[in-house]
Amino acid sequence: KPVMAFNKRSDRARGYESQCRACKKARRSADANARRTARYTTWRTKNPDKAKRATQQWRAKNKEYCRSKRREALLRTYGLTPESYDALFQSQNSCCAICMTTTPHGRGWVVDHHHVTGRVRGVLCAPCNTALGLFRESVSIIAAAMEYIR
């Protein structure tokens, strides 16, 4: 890099700082971001109710941004466009594929997929998706649970 990219420093052998201005600025910015993240994480841990309220308020003000991020995540993770997601959900009569509820609980609707192949199986409510996970998606465990509750 050209010498003009470095700050002068009389106490150095060559008379310049070892880092150029751009690298020094980037490092300071990264350090500041790390400190800010640590402070925020500490605050969230000490103030969970305030943090939850703040997150809810931010999401309410930024609904379109949140929707766009959700669409990006569906496409990146499952290869689902908004149209294909809607078609899948409508093919299930706009309800959970397991319990048939039309009102999602907790986190809302969840895309269920096979964890080995990645194939999308359907849309579930959060409790049904959690139940599948707790049963480790094992047909034999689910069958044993069904036998148990009979």
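Residues numbered from 1 in each chain as written. Predicted model: local features only at pLDDT ≥ 70, side-chain atom pairs only at ≥ 80, totals over all residues. Heavy atoms only, no water.

Colleague: So what's going on with the environment of G108? Residues and values would help.
Modeller: Along the chain, the position of G108 falls in the loop between α4 (82-91) and β3 (109-113). By relative accessible area, which is 11% here, G108 ends up buried. Through-space distance from the C-alpha of G108 to that of P127 is 9.3 Å; in sequence the pair is 19 residues apart. Each residue touching G108, except ones within four places of it in the same chain, is listed here: L124, C125 and A126. (Helix = DSSP H or I, 4+ residues; strand = E, 2+ residues; numbered from the N terminus. Buried < 20%, exposed > 50% of the residue type's maximum accessible area, 1.4 Å probe, protein only. Contact = heavy atoms within 4.5 Å.)

Colleague: Which residues make up the side chain of Q92, and what values do they have?
Modeller: Take Q92: it is sitting in the loop between α4 and β3. On the basis of relative accessible area, Q92 is assigned to the buried category, the value being 13%. For Q92, the residues in contact, after removing those within four places along its chain, are A97, G122 and V123.

Colleague: So, the packing of aromatic side chains: which residues are in play, and what are the values?
Modeller: One pass over the structure, following the stated rule, counts 4 aromatic pairs. When the centroid spacing of 6.3 Å and the interplanar angle of 15° are considered together, the rings of Y85 and F89 count as stacked. Of the two residues, Y85 and F89 are both situated in helix α4; the distance of 4 residues between them amounts to about one turn of the helix. With a relative accessible area of 13%, Y85 lands in the buried category. Look at F89 and you get buried, because its relative accessible area is 13%. (Phe/Tyr/Trp six-rings, centres within 6.5 Å; stacked < 30°, edge-to-face > 60°.)

Colleague: Tell me about the pairing of β3, and name the residues and values.
Modeller: Counting buried positions over the 5 residues of β3 gives 4, a clear majority of the element. The sheet contact formed by β3 and strand β4 (residues 120-125) spans 5 bridges and is antiparallel. Opposite H113, over in β4, you have V120 as the bridge partner. (Pairing = 2+ DSSP bridges.)

Colleague: Describe unusual backbone geometry, with residues and values.
Modeller: Even without glycine at this site, N93 takes up a positive phi of about 65°. Relative to the helices and strands, N93 is located in the loop between α4 and β3.

Colleague: Please provide a residue-by-residue account of the packing of helix α2 (residues 48-61) against helix α3 (residues 63-78), values included.
Modeller: Axis separation between α2 and α3 bottoms out at 5 Å; the angle between their running directions is 90°. With respect to α3, the axis of α2 lies roughly perpendicular. For the pair α2 and α3, the contacting residues are W58, R59, A60 and K61 in the first and K63, Y65 and C66 in the second. (Axes fitted to C-alpha atoms, helices over the stretch in contact; angles between N-to-C directions. Parallel < 35°, antiparallel > 145°, perpendicular 65-115°, else oblique.)

Colleague: Can you explain the pattern of salt bridges? Please cite residues and give values.
Modeller: Counted according to the given criterion, the structure contains 8 salt bridges. As a salt-bridge pair, R67 and E64 come within 3.4 Å of each other at their nearest N and O atoms. One end of the pair, R67, and the other, E64, are both in helix α3, 3 residues apart, so they sit about a helical turn from each other. Under the relative-accessibility criterion, R67 is labelled partly exposed at 44%. Looking at E64, the relative accessible area reads 46%, which means it is partly exposed. (Salt bridge = Lys/Arg side-chain N within 4 Å of Asp/Glu carboxyl O.)

Fair warning: the whole summary comes from geometry, so function is off the table for now.
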